[in-house]
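Remarks on the overall topology
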Amino acid sequence: MNRANLVLHAKASIDRGSKSFALASKLFANQTRERVWMLYAWCRECDDLADGQDHGHGMSATPASEKTIAVMRMLTRRAMGGEQTGKPAFDAMGVVAQECRLPIDLTNDVIDGFALDAKLWRPQSEDDLYQYCYHVAGAVGCMMAIVMGISARDDETLDRACDLGLAFQLSNIARDVAEDADAGRCYLPNDWLAEMRIDPDDILNPARREALVQLVARLCDLAEQYEASARVGAAQLSFRSRWAVLAAAGIYGDIARKVRQGDGASLDDRVVTSKAAKAAWVAKAFGQAIFKSKWIDRERLWTRPRKPI
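Given the structure is predicted, the values throughout are model-derived calculations rather than measurements.

Cut-offs used in this document
Residues numbered from 1 in each chain as written. Predicted model: local features only at pLDDT ≥ 70, side-chain atom pairs only at ≥ 80, totals over all residues. Heavy atoms only, no water. Helix = DSSP H or I, 4+ residues; strand = E, 2+ residues; numbered from the N terminus. Rg over C-alpha atoms; globule rule 2.2 N^0.38 Å. Contact = heavy atoms within 4.5 Å. Areas by Shrake-Rupley, 256 points an atom, 1.4 Å probe, with all protein chains shown as cover. Lys, Arg positive; Asp, Glu negative; His and termini not counted. Charge placed at Lys NZ, Arg CZ, Asp CG, Glu CD. Buried < 20%, exposed > 50% of the residue type's maximum accessible area, 1.4 Å probe, protein only. Axes fitted to C-alpha atoms, helices over the stretch in contact; angles between N-to-C directions. Parallel < 35°, antiparallel > 145°, perpendicular 65-115°, else oblique. Left-handed = near helix turned anticlockwise from the far one by under 90°. Nonpolar A, V, L, I, M, F, W, Y, C, P; charged D, E, K, R; others polar. Core = buried A, V, L, I, M, F, W, Y, C linked by side-chain atoms within 4.5 Å. Patch = residues over 30% accessible without salt bridge, like charges linked within 9 Å, V, L, I, M, F, W, Y side chains within 5 Å. Salt bridge = Lys/Arg side-chain N within 4 Å of Asp/Glu carboxyl O. Disulfide = S-S within 2.5 Å. Phe/Tyr/Trp six-rings, centres within 6.5 Å; stacked < 30°, edge-to-face > 60°. Expected span 1.5 Å × (residues − 1).

Let us now look at the overall build of the protein chain. When helices and strands are counted, the protein chain shows 13 helices and 0 strands. Going residue by residue from the N terminus, the α and β elements of the protein chain occur as α-α-α-α-α-α-α-α-α-α-α-α-α. Expected size for 309 residues packed as a compact globule is a radius of gyration near 19 Å; at 19 Å, the protein chain falls within 12% of this value. Overall, the C-alpha framework of the protein chain stretches about 55 × 50 × 40 Å when taken along its three principal axes. The long-range share in the protein chain, meaning contacts at least 24 apart out of those at least 6 apart in sequence, stands at 73%. As displayed, the protein chain has an accessible area near 13800 Å², and 52% of this comes from carbon and sulfur atoms. Averaging the positions of the 41 positive and the 42 negative side-chain charges in the protein chain gives two centres separated by 7 Å.

Summarising the element assignment, Gln84 is placed in the loop between helix 4 (66-80) and helix 5 (88-100). You can call Gln84 exposed: its relative accessible area is 56%. Considering only alpha carbons, one finds Gln84 and Gly94, 10 residues apart in sequence, at a separation of 8.2 Å. Gln84 has contacts with Met1, Arg78 and Asp91, leaving out every residue within four places of it along the chain.

A few words on the packing of helix 7 (residues 126-147) against helix 11 (residues 209-233). Two elements in contact, helix 7 and helix 11, have axes whose closest approach is 14 Å; the angle formed by their N-to-C orientations is 55 degrees. The angle between the axes of helix 7 and helix 11 places the two elements in the oblique class. Taken as a pair, helix 7 and helix 11 cross one another with a handedness that is right-handed. For the pair formed by helix 7 and helix 11, the contact residues are Glu126, Leu129 and Tyr130 on the first element and Arg218, Leu219, Leu222 and Tyr226 on the second. Across the contact of helix 7 with helix 11, the residue classes break down as 5 nonpolar, no polar and 2 charged.

What follows concerns the nonpolar core. Note that soluble globular proteins tend to have their nonpolar side chains buried in a common cluster. Judged by nonpolar contacts, the single largest core of 108 residues is most densely connected at Trp42, Leu102, Met143 and Leu170. With 15 residues, the top contributor of residues to this core is helix 7. Setting aside residues no more than four positions away along its own chain, Met143 makes contact with Leu39, Trp42, Met93, Leu102, Leu106, Thr107 and Val110.

A grouping of Phe286, Ile290 and Phe291 is seen on the molecular surface, where their side chains present a nonpolar patch of about 340 Å² in accessible area. Topologically, Ile290 is positioned in helix 13 (residues 275-290).

Another aspect to go through is the pattern of salt bridges. It is possible for side chains of opposite charge to pair when their charged atoms get near one another. Across all of its chains, the model carries 23 salt bridges by this definition. Where Lys11 meets Asp15, a salt bridge forms, and the shortest distance between an N and an O atom there is 2.7 Å. On the criterion of helical spacing, the pair formed by Lys11 and Asp15 is a turn pair, its members being 4 residues apart in helix 1 (residues 3-17). When its relative accessible area of 35% is taken as the criterion, Asp15 is described as partly exposed. The residue Glu83 makes a salt bridge to Arg78 at a minimum N-O spacing of 3.4 Å. Given a relative accessible area of 44%, Glu83 falls into the partly exposed group. According to the relative accessible area criterion, Arg78 is partly exposed, its value standing at 27%. Connected through shared salt-bridge partners, Arg3, Glu34, Arg35 and Glu99 make up one network.

Next up on the list: the state of the cysteines. Throughout the structure, instances matching the rule amount to 0 disulfides. Distance from the sulfur of Cys133, which forms no disulfide, to the nearest cysteine sulfur (Cys162) is 9.4 Å. Cys133 provides the cysteine sulfur closest to Cys220, a residue in no disulfide bond, and the two sulfurs are 13 Å apart.

To continue, consider the side chain of Arg231. With respect to the helices, strands and loops of the structure, Arg231 is situated in helix 11. In contact with Arg231, not counting residues within four places along its chain, are Leu246, Ala249, Gly250, Trp281, Gln288 and Ser293.

Across all of its chains, the model carries 11 aromatic pairs by this definition. When the centroid spacing of 5.5 Å and the interplanar angle of 50 degrees are considered together, the rings of Phe21 and Phe168 count as tilted. Note that Phe21 is positioned in helix 2 (residues 19-25) and Phe168 in helix 8 (residues 155-175), a separation of 147 residues in sequence. Note on Phe21: relative accessible area 24%, which makes it partly exposed.

Moving on: unusual backbone geometry. The backbone phi angle of Arg197 is positive, close to 55 degrees, even though this residue is not glycine. Residue classification places Arg197 among the exposed positions, given a relative accessible area of 63%.

In a regular helix each residue adds 1.5 Å, so 16 residues correspond to 22 Å; helix 13 covers 24 Å between its end C-alpha atoms and thus fits that length. Within the span of helix 13, buried status applies to Lys278, Trp281, Val282, Ala285 and Ala289. Against the buried residues of helix 13 lie helix 2, helix 11 and helix 12 (239-261).

Let us now look at the environment of Ala118. By secondary structure assignment, the location of Ala118 is in helix 6 (residues 104-118). On the basis of relative accessible area, Ala118 is assigned to the buried category, the value being 18%. Sequence separation of Ala118 and Glu66 is 52 residues, and the distance between their C-alpha atoms is 7.3 Å.

These results come straight from atomic positions and should not be treated as a statement about function.
Now the structure itself:
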């Protein structure tokens, strides 16, 4: 496929895989929008390969094999090196990597997260949870920031971009606790479960439901903290990119807010946000993009691992 066709393939992927991100992406300037779509397509393809899904739907209870992860790494490495792989999502990633000089370390970090899922890994501590969220979402936030024009050496802004990825993933985990448990997965730290006397292999036990609801709310509170930190970093982006990022932050942040307000309802029914609520965030984010967000000191927040560029 040529670049134009890769863009069309990527647009189809984001339209099918995430209505929230698809809406927010419309706010980017044209070139940035295309690059964001292509980066999303790679993330979606890797995620689907790891989870046995189709655009995020139908998670398999059988984890990806080591061979699948190895193929993912190989195709990514080839694409970022300028080779054609014959796989549109990977070739799209190759285009973005060449145009934006994406560090391959960040793509490796993301694939490391899928490798953890392949091993049915579970976090022991809160720090383990953050490390996992970095791999599957925080590193993506860093890549998105670079696609939007942030330097790969601008650690302060990349930290804030990583924070938004963490906020999104913490919201995902909070929303999907029951769905993950049904697939044999659990991303609540074992330390938290022990604290609330919840059996790690039976977290949906009705006898401990109230304790589980408290842990879900704890995830939502953390997601809100990282979202607030990320909003500070958005000030470093161009207006169109800032508008898009703040809209996505609000739309996705509403997931965690609705989960917390539902007081356990998310354990029975999947939380969704309405089209009207999403549209309202697009309008609200326009106003927010005009003014800088209140400064939030992130010293108390987890910080991504530093690597030389």
